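# Understanding the architecture of this molecule
The lines below spell out each chain.
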Amino acid sequence: MITYFDTNVLIHSVIDQDRLRRHTSQKLLDLAIVKNEIILSPLSIIEFVYVLSRLKLEDDFIRDRSQFFPVLSPIPLIRKF
């Protein structure tokens, strides 16, 4: 079964605002990745990077956290200003 993950799940998997949400989202993502049953829209990836940028997180942090995404789109995950 292919699972689509919304941006909120991606954000909660890397930001520790709520421990239960972070743990749950990490488990769901890990399972889908291991089973190769994950799908992410390019928009979700863009929103993920945008939200982390708005939270003023370092580029390296964003880049490191984005590397677990399967290659689904040629859209770069590095912000440029």
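### Let's talk about the overall build of the protein chain
When you go through the protein chain residue by residue, the secondary structure sums to four helices and two strands. Across the protein chain, the fraction of contacts at a sequence separation of at least 24, relative to all contacts at a separation of at least 6, is 64%. Surface summary for the protein chain: the accessible area is close to 5,800 Å², and the carbon and sulfur share equals 58%.

### Concerning the packing of helix 3 (residues 42–54) against helix 4 (residues 59–66)
Two numbers describe how helix 3 lies on helix 4: the axes approach to 10 Å, and their chain directions differ by 150 degrees. As far as their axial angle goes, helix 4 and helix 3 are roughly antiparallel. Crossing of helix 3 against helix 4: the hand is right-handed. The residues of helix 4 that touch helix 3, namely those facing Phe-48, Val-49, Leu-52 and Ser-53, are Ile-62, Arg-65 and Ser-66. The class makeup of the residues in the contact of helix 3 with helix 4 is four nonpolar, two polar and one charged.

### A few points about a nonpolar patch on the surface
Among the surface-exposed residues, Ile-2, Tyr-4 and Ile-39 lie close enough to one another that they form a single nonpolar patch of about 310 Å² accessible area. Secondary-structure assignment places Ile-39 in strand 2 (residues 38–39). With relative accessibility at 40%, the residue Ile-39 sits in the partly exposed group.

### Here's the deal with the environment of Arg-22
Examined against the element boundaries, Arg-22 turns out to sit in helix 2 (residues 19–34). Along the primary structure Arg-22 and His-12 are separated by 10 residues, whereas in three dimensions their C-alpha atoms are 5.0 Å apart. Apart from residues lying up to four places away in sequence, Arg-22 is in contact with His-12, Ser-13, Val-14, Ile-15 and Asp-16.

### Brief notes about the nonpolar core
Within the largest apolar cluster, 14 residues are counted, with the highest numbers of intra-cluster contacts made by Phe-5, Leu-10, Ile-38, Leu-40, Phe-48 and Leu-52. Taken together, the elements giving at least two residues each to this core come down to helix 1 (7–14), helix 2 and helix 3. Among the elements that take part in this core, helix 3 stands out by supplying four residues, more than any other.

### A few points about the pattern of salt bridges
In this structure the tally under the stated criterion is three salt bridges. In this structure, the salt-bridge partner of Asp-60 is Arg-63, at a minimum N-O distance of 2.8 Å. With Asp-60 and Arg-63 both in helix 4, this residue pair falls three residues apart, about one helical turn.

Conventions and cut-offs
- Residues numbered from 1 in each chain as written.
- Predicted model: local features only at pLDDT ≥ 70, side-chain atom pairs only at ≥ 80, totals over all residues.
- Heavy atoms only, no water.
- Helix = DSSP H or I, 4+ residues; strand = E, 2+ residues; numbered from the N terminus.
- Contact = heavy atoms within 4.5 Å.
- Areas by Shrake-Rupley, 256 points an atom, 1.4 Å probe, with all protein chains shown as cover.
- Axes fitted to C-alpha atoms, helices over the stretch in contact; angles between N-to-C directions.
- Parallel < 35°, antiparallel > 145°, perpendicular 65-115°, else oblique.
- Left-handed = near helix turned anticlockwise from the far one by under 90°.
- Nonpolar A, V, L, I, M, F, W, Y, C, P; charged D, E, K, R; others polar.
- Patch = residues over 30% accessible without salt bridge, like charges linked within 9 Å, V, L, I, M, F, W, Y side chains within 5 Å.
- Salt bridge = Lys/Arg side-chain N within 4 Å of Asp/Glu carboxyl O.
- Buried < 20%, exposed > 50% of the residue type's maximum accessible area, 1.4 Å probe, protein only.
- Core = buried A, V, L, I, M, F, W, Y, C linked by side-chain atoms within 4.5 Å.

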